[in-house]
Amino acid sequence: MRVLGLVCNTHDAGVALVRDGHIELVLEEERFNRIKRTWAFPDQALTSLWADGHDPAGIDAIATPWKAGHLARFFAGAVARNFPKSLDLLHVRAHPAQRNQIILLRHYLRRGLKPHWGGRRMPDIVEVGHHDAHAASFFVSPFDEAIVLVMDGYGDDASTSAYIGRGNQMQRLWSTDIFNSLGLVYTVVTSHLGFDGFGDEGKVMALAALGGDALVEKFRALVRPTVNGRYDLDMDYFSFPVHGQIRPLTETFSATFGPRRSPGSALTQRDYDLAHALQTVTEETVLHLVRGLLATHKTRNLILTGGVALNCVANARVLAETDVERLWVPPCASDTGAPLGAALWYTHQTLQAPRVMELTHPFYGRAYTDTEIERALVAAGVKAEKLTEADLIARVAGDLAGGRIVGWFQGRFEMGPRALGNRSILADPRKVEMRDTLNARIKKRESFRPFAPAVPLERAAEFFDLAQPDPFMTLAPNVRADKRSAIAAAVHVDGTGRIQTVEQSANPRYHALLTAFGALTGVPVLINTSFNEQEPIVATPGHAIACFQRTQMDVLVLGDHYVDRTIEMSLPGPT
């Protein structure tokens, strides 16, 4: 049974292919069309899927992570309740996932898929609940039984929901109303702080570390914990149930916390404090939800998923401050994982197929052959040296120890929003100045945003207060006080690091590079940031070469091919 998961006409469009419960490919459209969080129909992702040897004729079902009827009924009721002011909800900017393309989902899916199937009969399209798709990561988790907590902006019938998973079946325990949304609060306050409300929440999480407690008590009034282990929003502060994203906050909110910051203007202490208050109350609410679930269920295994689960600071507190014994967050917890989740839910929950795999690495994108790499180098006029693996590891470790910045392109690219060792930019964390160097020469992003440390799993406890492995960069534990100066460029202002632990079995070459760097320097830790410059993470050799050429990286590694910027790079261009 081959199930194609597919998201289109909402953010994070993409596809996933699951065969008899095994993940075969997960492809985000943004990696190919180069538009962050793209809404486009995933034509290029599908074309890449077919190029990888898969055939539309072999697809048995198509699963999509939205139940259009549920969403249509909810918004019809919301409009009716507050008519005529609520007509704002029908505007295209009001709620992105409420656009006509989602309400008319099957029509748009069939229209987009038709060119890919030609004259052949198209398989059935199955609608999976949005939160069900997020929760379905349980089926590839390390647990036979677990609590699953889904938190996002909103789905087709909920914004926060809890499940219990056992074996190959799941049961929803409870859910909150779409507008009673912790995720939406984070999004609209991110926008109030002058950032992109659908994509920049991570920036605000980082900004929060610079703030103080001046606004925390006031912000606690907005999100009230309830005795049943859930929460309620105080709607005196929020108007998104009436006006959506056109006017999501009331005058009461602005009177309490100040006016909206103009995008690009200088950040003030108020902005730092508001970010800190938002983050603090988010953490407290997540802790409250988890403790409520633990009070009524025996299992101490927890899965967090949905966009809020990308909040690695809150995740770390869950592990440190509750009775959770093992926490698992998938690498594609956001809607980047929705196509995969839809396919998994249909395979295991609907068809009741047995579970057959555990997700131990994120590398389910496309790989590129030596021939494809060499063609891209020639087309770009770039000279490269092909090395043995031992020579490559030794040379790159030496480059990094010497302060050089390396673009590292290997194997299949990662799924999800974070680079995890196959499409990464790597650097030496030992001098704090490296943060500014990376920003000035390549990343060109806000100075308050931290860079993530990668470390071999067997050495992680030497540098971090870590209770469990974290291969997917989903936790931000404290860096040990005696090690902070040793990896100064990877330590955030609050003393934490968004860690990635690397196991040899999951990524042997990446692990070998970390080990070799540690042998040279005594510090087996590298800065790992995504291979991009204000764009989606690179997917193809051509993307990587273009990013290398327009930035100031020192070295580019494409598989076994080594490019040194200080060596003559130009070849005669193609005629």
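Everything numeric here is computed off the predicted structure, so don't read it as measured data. (Residues numbered from 1 in each chain as written. Predicted model: local features only at pLDDT ≥ 70, side-chain atom pairs only at ≥ 80, totals over all residues. Heavy atoms only, no water.)

Student: Got a minute to help me understand the overall build of the protein in this structure?
Tutor: Counting its secondary structure elements, the protein contains 20 helices and 20 strands. Taking 2.2 N^0.38 as the reference for a compact globule, 575 residues should give roughly 25 Å; the C-alpha atoms of the protein span a radius of gyration of 23 Å, in line with that estimate. Seen along its three principal axes, the alpha-carbon backbone of the protein occupies a region of about 70 × 65 × 50 Å. Counting all 575 residues of the protein, 61% fall into the buried class. In the protein, of all internal contacts separated by at least 6 residues, the share reaching a separation of at least 24 is 71%. Of the accessible surface of the protein, which amounts to about 21300 Å², a share of 50% is contributed by carbon and sulfur atoms. (Helix = DSSP H or I, 4+ residues; strand = E, 2+ residues; numbered from the N terminus. Rg over C-alpha atoms; globule rule 2.2 N^0.38 Å. Buried < 20%, exposed > 50% of the residue type's maximum accessible area, 1.4 Å probe, protein only. Contact = heavy atoms within 4.5 Å. Areas by Shrake-Rupley, 256 points an atom, 1.4 Å probe, with all protein chains shown as cover.)

Student: Just checking my understanding: could you explain the environment of V308 for this structure?
Tutor: Positionally, V308 belongs in the loop between β11 (301-305) and α13 (312-321). The buried category is assigned to V308, whose relative accessible area is 12%. The sequence separation of V308 and M151 amounts to 157 residues, and the corresponding C-alpha distance is 5.4 Å. The residues touching V308, leaving out its near neighbours within four places in the chain, are M151, D152 and G183.

Student: Just to check I follow, could you spell out the sheet that holds strand β3 (residues 22-28) for this structure?
Tutor: Strand pairing within a sheet occurs via backbone hydrogen bonds; the two strands may be parallel or antiparallel. The sheet built from five strands is open, its strands ordered β3-β2-β1-β4-β5 with mixed pairing. What marks the edges here is a single partner per strand, and that holds for β3 and β5 (124-127). Neighbour to neighbour, the strand axes of the sheet diverge by 20° on average, direction disregarded. One ladder, built from six bridges, connects strand β2 (residues 14-19) with β3; its direction is antiparallel. (Pairing = 2+ DSSP bridges. Axes fitted to C-alpha atoms, helices over the stretch in contact; angles between N-to-C directions.)

Student: Help me understand α13, please; the structure alone is not making it clear to me.
Tutor: The periodicity of an α-helix, 3.6 residues per turn, causes residues three or four positions apart to be oriented the same way. Summarising burial for α13: seven of the 10 residues are buried, a large majority. Within α13 the residues assigned to the buried category are C312, V313, A314, N315, A316, V318 and L319. Against the buried residues of α13 lie α8 (201-207), α12 (269-296), β11 and β12 (326-328).

Student: Help me understand the side chain of D271, please; the structure alone is not making it clear to me.
Tutor: As for its position among the elements, D271 is in helix α12. Not counting residues up to four positions away in its chain, the partners in contact with D271 are L193, L207, R261 and A266.

Student: In this structure, what is going on with the sheet that holds strand β15 (residues 423-427)? I would like to understand it.
Tutor: The mixed open sheet is built from eight strands, whose spatial order is β13-β20-β19-β14-β15-β18-β16-β17. Strands at the two margins of the open sheet, each flanked by one partner only, are β13 (385-386) and β17 (500-502). Of the pairings in the sheet, the one linking β15 to strand β18 (residues 526-530) comprises four bridges and is antiparallel in character. By the bridge assignment, L426 is partnered in β18 with N528. Packed on one face of the sheet, helix α15 (residues 370-380) meets β13, β19 (555-558) and β20 (561-564) and runs near 25° to β20.

Student: What exactly am I supposed to notice about the state of the cysteines here?
Tutor: Covalent bonding between the sulfur atoms of two cysteines is what defines a disulfide. If you walk through the whole model with that rule in mind, you get zero disulfides. Between C8, a cysteine without a disulfide, and C332, which holds the nearest cysteine sulfur, the sulfur-to-sulfur distance is 18 Å. When its relative accessible area of 2% is taken as the criterion, C8 is described as buried. (Disulfide = S-S within 2.5 Å.)

Student: What is the right way to look at the pattern of salt bridges in this model?
Tutor: Once their charged atoms are close, side chains differing in charge can pair, the charge on each being opposite to the other. Applying the stated criterion to the full structure yields 31 salt bridges. Of the charged contacts, one joins R220 and E217 as a salt bridge, the two residues approaching to 2.7 Å between their closest N and O atoms. Note that R220 and E217 are positioned in helix α9 (residues 216-220) at a spacing of three residues, about one turn of the helix. For R220, a relative accessible area of 31% corresponds to the partly exposed category. Between R404 and D399 there is a salt bridge; the shortest N-O distance is 3.4 Å. The same class applies to R404 as to D399, namely buried. (Salt bridge = Lys/Arg side-chain N within 4 Å of Asp/Glu carboxyl O.)

Student: Can you walk me through the packing of aromatic side chains in this structure?
Tutor: For any pair of aromatic rings, the description rests on two quantities: the centre-to-centre distance and the angle between the ring planes. Taken as a whole and judged by the stated rule, the model has 16 aromatic pairs. Their ring planes at 85° and their centres at 5.8 Å tell us that W50 and W117 sit as a pair that is edge-to-face. Residue W50 is located in helix α2 (residues 43-51), and its partner W117 is located in helix α5 (residues 105-117); the two are separated by 67 residues in the primary sequence. Each member of the pair, W50 as well as W117, carries the same accessibility label: buried. (Phe/Tyr/Trp six-rings, centres within 6.5 Å; stacked < 30°, edge-to-face > 60°.)

Student: Mind showing me how you'd approach a nonpolar patch on the surface here?
Tutor: On the surface, a cluster of nonpolar side chains totalling about 320 Å² of accessible area is made up of F83, L87 and L90. On the secondary structure map, L90 appears in the loop between α3 (68-81) and α4 (100-103). (Patch = residues over 30% accessible without salt bridge, like charges linked within 9 Å, V, L, I, M, F, W, Y side chains within 5 Å.)

Student: What exactly am I supposed to notice about the side chain of R418 here?
Tutor: Within the secondary structure, R418 is located in the loop between β14 (406-409) and β15. Although R418 is buried, it makes no salt bridge; D470 carries the closest opposite charge, 7.2 Å away. At 2.9 Å, the side chain of R418 and the backbone oxygen of L310 are in polar contact. Excluding residues within four positions of it along the chain, R418 makes contact with L310, F472, M473, T474, R498 and I537. (Lys, Arg positive; Asp, Glu negative; His and termini not counted. Polar contact = N/O pair within 3.5 Å; in protein donor to acceptor, adjacent residues only side chain to side chain.)

Student: What should I look at first to understand the packing of α2 against α5 in this one?
Tutor: Viewed as axis vectors pointing N to C, α2 and α5 meet at an angle of 30°, and their least axial separation amounts to 11 Å. Judged by the inter-axis angle, α2 sits roughly parallel to α5. The two elements α2 and α5 meet at a crossing, and its hand is right-handed. On α5, the residues that touch D43, L46, T47 and W50 of α2 are G112, L113, H116 and W117. Tallied by class, the residues present in the contact of α2 with α5 amount to four nonpolar, three polar and one charged. (Parallel < 35°, antiparallel > 145°, perpendicular 65-115°, else oblique. Left-handed = near helix turned anticlockwise from the far one by under 90°. Nonpolar A, V, L, I, M, F, W, Y, C, P; charged D, E, K, R; others polar.)

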